[in-house]
Amino acid sequence: MSLPDGVTSIRVQTPRLDTHTLVSGSEDGVPVVLVHGNVSSGRFYAELMAQLPASVRAYAPDLRGYGHSEAKGIDGTRGVKDFADDLWAFLDAVGVGNEERPVHLVGWSVGGGVLMQMAIDRPDGIASLTLEAPMSPYGFGGTKGPEGAPTNDAWSGTGGGTANPDFAKRLGEKDMSEDADTSPRNILRNFYVKPPLRFSQEIEDAYTAAMCDTKTGVEFYPGDLNGTETWPAVAPGTTGTNNAISGKYCRLDAFGQIADGPKVLWIRGADDQIVSDTSLFDLGFLGQLGAVPGWPGEDAYPAQPMIAQTRAVLDAYASKGNVVDEVVLPECGHSPHLEHPERFLELLVGQLGL
């Protein structure tokens, strides 16, 4: 794995997980932990880490089943708690996230949801939270309204059956091609960022390879599934990432009830196609577009208002006296730190108080 100057790779053994992580900066610097999202790894943060001030000690760990960390199965019925517990064990192992060395946490997409869970479980020791294009606090798909009520009792349209099977197959085959719309490289180009942005060949290869390091199958991505008579005929299973982010198991509105919590910076792209009120990965919105046959209509299965749901929970958090800042970047998709690296770096350094 090629890395920018100043960024190295280490392994951290914890009681829960053999964790691969990228590190940069002075060992006694201000600790920052960068948490990736679904179908990615810490490698996506390497270029940002190389630009951080030397006074920052940055870690970008790979979550279980991603990158080069241990391929340990994911219990979907715990929501994102497997990931959150792993990260707390990681922080304990490297000696940060405590009264002596409070940690700044950055979470992208699913990683943002993991950070919310971490703060719910143990808010002490967290200096700040930067939520980068975070998933809804009510999981992915199958909920309606800013309060995140379930669309139906079956939680249909969420879980392991929502992933494109050809995309999952190509991940498992470590397909580096651009042969199909479902090739990881084309998903990176067309959805992780706003087209027509293109990375250099070297960087694009590195990010595509990092996507292909995702472990696939029923215990990993996307997980198992169940059938249901309720449209769109898939319901959550119990294992793997996409079940962990089903609203059946993942509900993070308790974040809004934290008092005296860390300051929050919410950064998102104005043109995000993944986490959006009109997400092209939400079966409710795809049904509305006619892309998934048999859509039962707006009353029965509306699009999930992901941004409105996040804002509702963060408004509740702010009502407890906590600091919340929202920054929306124009001409930006799902990956602000990749698409607008200089602006993201400026915002993050400000969040760190440097």
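Once a new chain begins, its residue numbering starts again from 1 and follows that chain's sequence as written. In keeping with the model being predicted, local features are shown solely for residues with a pLDDT of at least 70 and side-chain atom pairs are shown and tallied solely at 80 or more, while totals for entire chains, interfaces and linings include all residues. Where side-chain values are given, they derive from all heavy atoms of the structure, hydrogens and water being excluded.

(A) Expanded view of the pairing of strand β1 (residues 7–13). By the bridge criterion, 7 bridges tie β1 to strand β2 (residues 18–24) in an arrangement that is antiparallel. Residue Arg 11 lies in a different strand from β2, and its bridge partner there is His 20. The criterion for strand pairing is that DSSP finds at least two bridges linking the strands in question. Secondary structure counts use DSSP, requiring at least four H or I residues in a row for a helix and at least two E residues in a row for a strand, with both numbered from the N terminus. The turn linking β1 back onto β2 is made up of 4 residues.

(B) Region of interest: the environment of Ser 246. Relative to the helices and strands, Ser 246 resides in the loop between α7 (241–244) and β13 (263–269). Separated by 90 residues in sequence, Ser 246 and Ser 156 place their C-alpha atoms 9.6 Å apart. Should any heavy atoms of two residues lie within 4.5 Å, those residues are considered in contact. What Ser 246 contacts, discounting residues up to four positions off in sequence, is Thr 158, Gly 159 and Pro 236.

(C) A look at the side chain of Ser 109. Along the chain, Ser 109 falls in the loop between β5 (103–108) and α3 (110–121). Relative accessible area serves as the criterion here: at 10%, Ser 109 is assigned to the buried category. Not counting residues up to four positions away in its chain, the partners in contact with Ser 109 are Gly 37, Glu 132, Ala 133, Pro 134, Met 135, Val 275 and His 334. The rule is simple: take the accessible area with a 1.4 Å probe, protein chains only, and divide by the maximum for that residue type; under 20% is buried, over 50% is exposed, in between is partly exposed.

(D) Structural view of the packing of helix α2 (residues 81–94) against α3. Angular values range over 0 to 180 degrees, each being the angle between N-to-C directions of two axes fitted as lines to C-alpha atoms, with helices fitted over their stretch in contact. Contact geometry for α2 and α3: axes closest at 9 Å, N-to-C directions at 70 degrees. Put simply, α2 runs roughly perpendicular to α3. Once α2 is placed against α3, the crossing between them reads as right-handed. Within the contact between the two elements, α2 uses Lys 81, Phe 83, Ala 84, Asp 85, Leu 87, Trp 88 and Leu 91 and α3 uses Val 114, Gln 117, Met 118 and Asp 121. By the convention adopted, Pro, Cys, Tyr, Trp, Phe, Met, Ile, Leu, Val and Ala count as nonpolar, Lys, Arg, Asp and Glu as charged, and the other residues, Gly among them, as polar. A breakdown of the residues in the contact of α2 with α3 according to their chemical character gives 7 nonpolar, 1 polar and 3 charged. Here is the rule for angles: anything less than 35 degrees is roughly parallel, anything more than 145 is roughly antiparallel, 65 through 115 is roughly perpendicular, and the remaining ranges are oblique. Put simply, a crossing is left-handed when the front helix is turned counterclockwise from the back one by less than a right angle, and right-handed when it is turned clockwise.

(E) Representation of the packing of aromatic side chains within the structure. Under the pairing criterion, centres of Phe, Tyr and Trp rings, with the six-membered ring standing for Trp, must be within 6.5 Å; the plane angle then separates stacked pairs below 30 degrees from edge-to-face pairs above 60, leaving the rest tilted. The final tally for this structure, using the stated rule, is 12 aromatic pairs. Measuring from centroid to centroid gives 6.3 Å for Tyr 45 and Trp 108, while their planes differ by 75 degrees, and the two rings are edge-to-face. Separated by 63 residues along the polypeptide, Tyr 45 in the loop between β3 (30–35) and α1 (46–51) and Trp 108 in strand β5 bring together distant segments of the chain. Overall, the relative accessible area of 2% leaves Trp 108 in the buried class. Seen from their ring centres, Trp 108 and Tyr 192 are 6.3 Å apart, and the 85 degrees between their planes marks the pair as edge-to-face. Pair noted here: Trp 108 is in strand β5 and Tyr 192 is in helix α5 (residues 184–192), with a separation of 84 residues, a long-range link. Of the two residues examined, Trp 108 and Tyr 192, each falls in the buried class. One aromatic cluster in this structure is built from Phe 44, Tyr 45, Trp 108, Tyr 192, Phe 199 and Tyr 207. To sit over a ring, a charge needs its Lys NZ or Arg CZ within 6 Å of the ring centre and within 35 degrees of the ring normal. The lysine or arginine in question, Arg 122, covers the ring of Trp 88, its NZ or CZ lying 3.8 Å from the ring centre. The positively charged end of Arg 268 is found above the aromatic ring belonging to Trp 266, 5.3 Å away from the centroid.

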